[in-house]
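Listed here are the chains, written in short residue letters.
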Amino acid sequence: MAINYCDTLLAADIAQDCSNPIIKGIERRGVIINRADVDTITQSGNIVSAITLKSGKTGFNIVQPAASPFNGTQIAMEEGTYVNTFTNTVSFVILDNSPAVGTIINALANGDYIVILENKHKGGTAGNATYQIFGLQQGLTGSEITCEKYSDDTMGGWQVTLTETGATEAAVFFYVTSLSTTKTAFEALVSDPDDDE
Amino acid sequence: MSDDQLKADIKAWAGRMGDDPCALLALKADIERAYYQVMGRTLRKCNCKDILTDAVAEMYRHLKQGLPMAKDVKCELKAGAIICYGGEVYSRHNITDEVAVKALQEQPEYERLFAILPDMPEKDGKAASTDTVAEDAQLAEKPKKSAKKAKRTTKR
């Protein structure tokens, strides 16, 4: 029997999709989930087709200003000794400051999260590139949280950066049979859905 | 307040939406109460000027679509869970007891997706109780009841 070296082999052309040109950016609303609240995840390759939370648990909306939502969000490869991995970074602002926001910041600083964001680039007619998941493997944790009182960008609000290191999948998408079904599943994660979408 | 009265109030509020937005402010407590009954969640706490107008529009649209009021729906799907029945996709935001019962009869494996199961009709046509408090009390009285039923209660 041949030894399996688990080498990753390329199996497709690398080319631009001329009928669906790439569009930069992220829509202004995402969902954040406590990893501890996740009940089940159904995943095949880099596509997650179901996320169910435990009874009584819910996800929470992250709503961003229209200009450059989730600015700073990125994926970067990290070179390892034997295996290269990916670092996922999700950045967002909280244009507010109050005791309630302070409680949220405390949680973000010390918790472990999954964030689902909606790309502006939907990925063609199927739309399977619409929702992208960050923090699925190792979890997103707070890596930089600042509140600059004289910042012209945040106007004294909070800038939050969550980071996941050591992810072996470059990109994980959330897609359930069709885009409309995926939207229903996405909205089902939060108590306060966006019915207008 | 009866369901008919509640629906009439929402219709009346919707009719006033084009007026001065401040007109709904005087009805804030009533709208918040109605929103919880119809949508099953509290109105979000924010100072958005359109929050009451949005809430009324959401309730009006919900009822116009023929969807049941949240207070009348006993079953609850877990967050993120969806079920497909009759060509439609249901989540915790639009599931009804009637749909849940039919879907569970067709596909019992959906049971794991529910935080609270609907009243399932028994073979003689009577509804099986899913009242948590009552069932918990029943289980406390009869601790040796079937493991399956005990497991179902623990899941909630």
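Keep in mind that what you see is a predicted model, and the values were worked out from it rather than measured.

1. Considering the overall build of chain A
A count of helical and extended segments in chain A gives 2 helices and 11 strands. Its C-alpha atoms give chain A a radius of gyration of 18 Å, near enough to 16 Å, the size a compact globule of 197 residues would have. For chain A, with 197 residues in total, the buried portion stands at 39%. The long-range share in chain A, meaning contacts at least 24 apart out of those at least 6 apart in sequence, stands at 67%.

2. Side note on helix 1 (residues 99–110) of chain A
Residues and elements named next belong to chain A. Taking 1.5 Å per residue, 12 residues should reach 16 Å; helix 1 reaches 17 Å between its end C-alpha atoms and fits that length. What helix 1 keeps buried is the set V101, I105 and L108. Buried residues of helix 1 fall within an arc of 65° about the axis and therefore sit on the same side. Facing away from the buried side of helix 1 by more than 90 degrees, the exposed set consists of P99, T103, N106 and N110. In this fold, the buried residues of helix 1 make contact with strand 1 (26–34), strand 6 (85–94), strand 7 (113–119), strand 9 (141–146) and strand 10 (158–167).

3. Details of the packing of helix 1 (residues 3–15) of chain B against helix 3 (residues 51–64) of chain B
Residues and elements named next belong to chain B. At a minimum axis separation of 9 Å, helix 1 and helix 3 run at an interaxial angle of 125°. Relative to helix 3, the element helix 1 is oriented oblique. Seen along the crossing, helix 1 lies across helix 3 with a hand that is left-handed. Of helix 3, the residues touching helix 1 (which contributes K7, I10, K11, W13 and A14) are V56, M59, Y60 and L63. Of the residues that constitute the contact of helix 1 with helix 3, the class distribution is 7 nonpolar, no polar and 2 charged.

4. Thoughts on the confidence of the model for chain B
Residue and element names in this part refer to chain B. The predicted model of chain B has a mean per-residue pLDDT of 77, with 76% of residues at 70 or higher. Every residue in residues 129–156 is under pLDDT 50, and counting partners more than four places away or in other chains gives 24 contacts. Complex prediction metrics read pTM 0.81 and ipTM 0.89.

5. Points about unusual backbone geometry
All names here are of chain A. For S68, which is not glycine, the phi torsion reads 50° and is therefore positive. Structurally, S68 is set in the loop between strand 4 (60–63) and strand 5 (74–78). Positive phi values are uncommon outside glycine, yet T177 reaches one of about 55°. For T177, the location among the structural elements is in the loop between strand 11 (172–174) and helix 2 (179–187). With a relative accessible area of 69%, T177 lands in the exposed category.

6. Brief notes about the interface of chain B and chain A
Interfaces are often sized by the accessible area lost when the parts come together. The interface is formed by 18 residues belonging to chain B together with 20 residues belonging to chain A. Both sides together, the interface formed by chain B and chain A hides about 1,500 Å², and carbon and sulfur atoms give 50% of it. The interface formed by chain B and chain A includes 2 salt bridges. A class-by-class count of the residues in the side of chain B that touches chain A yields 7 nonpolar, 3 polar and 8 charged.

7. Some points on the side chain of E118 of chain A
Within the fold, E118 of chain A resides in strand 7. Separated by 3.0 Å, the side chains of E118 of chain A and K122 of chain A make a polar contact.

8. Digging into the nonpolar core
Formed by 20 residues in total, the largest nonpolar core has its most connected members in I33, I51, I116, I133 and F174 of chain A. Those elements that place two or more of their residues in this core are strand 1, strand 3 (47–53), strand 7, strand 8 (131–134), strand 11 and helix 2 of chain A. With 3 residues, the top contributor of residues to this core is strand 3 of chain A. Beyond its immediate stretch of four places on either side in the chain, I33 of chain A contacts V38, L53, G59, D112, Y113, I114, I116 and L189 of chain A. Core analysis: the next-biggest nonpolar cluster, separate from the first, contains 19 residues, I10, A34, V38 and M39 of chain B among them.

9. A word on the pairing of strand 3 of chain A
Residues and elements named next belong to chain A. Relative to strand 3, strand 2 (residues 38–44) runs antiparallel, the two being bridged by 6 bridges. For T40, the partnering residue across the bridge sits in strand 3 and is T52. The antiparallel hairpin formed by strand 2 and strand 3 contains 2 residues in its connecting segment, where G45 sits at a positive phi of about 65°. Of the strand pairs in this sheet, strand 3 and strand 11 are connected by 2 bridges, and their pairing is parallel. Within the sheet, the bridge partner assigned to V48 lies in strand 11 and is F174.

10. Description of the environment of N20 of chain A
Residues and elements named next belong to chain A. Position of N20 relative to the elements: it lies in the segment before strand 1. Given the relative accessible area of 26%, N20 is considered partly exposed. Each C-alpha atom of the pair N20 and Q132 lies 17 Å from the other, and the pair is 112 residues apart in sequence. In this structure N20 touches H121 and G124, once residues within four positions along its chain are discounted. Of note is the side chain of N20, whose polar atom sits 3.4 Å from the side chain of S19.

Definitions and limits used
- Residues numbered from 1 in each chain as written.
- Chains lettered and ligands numbered in written order.
- Predicted model: local features only at pLDDT ≥ 70, side-chain atom pairs only at ≥ 80, totals over all residues.
- Heavy atoms only, no water.
- Helix = DSSP H or I, 4+ residues; strand = E, 2+ residues; numbered from the N terminus.
- Rg over C-alpha atoms; globule rule 2.2 N^0.38 Å.
- Buried < 20%, exposed > 50% of the residue type's maximum accessible area, 1.4 Å probe, protein only.
- Contact = heavy atoms within 4.5 Å.
- Expected span 1.5 Å × (residues − 1).
- Arc of directions from axis to C-beta.
- Axes fitted to C-alpha atoms, helices over the stretch in contact; angles between N-to-C directions.
- Parallel < 35°, antiparallel > 145°, perpendicular 65-115°, else oblique.
- Left-handed = near helix turned anticlockwise from the far one by under 90°.
- Nonpolar A, V, L, I, M, F, W, Y, C, P; charged D, E, K, R; others polar.
- pLDDT = per-residue confidence, 0-100.
- Buried area = accessible area lost by both parts, 1.4 Å probe.
- Salt bridge = Lys/Arg side-chain N within 4 Å of Asp/Glu carboxyl O.
- Polar contact = N/O pair within 3.5 Å; in protein donor to acceptor, adjacent residues only side chain to side chain.
- Core = buried A, V, L, I, M, F, W, Y, C linked by side-chain atoms within 4.5 Å.
- Pairing = 2+ DSSP bridges.

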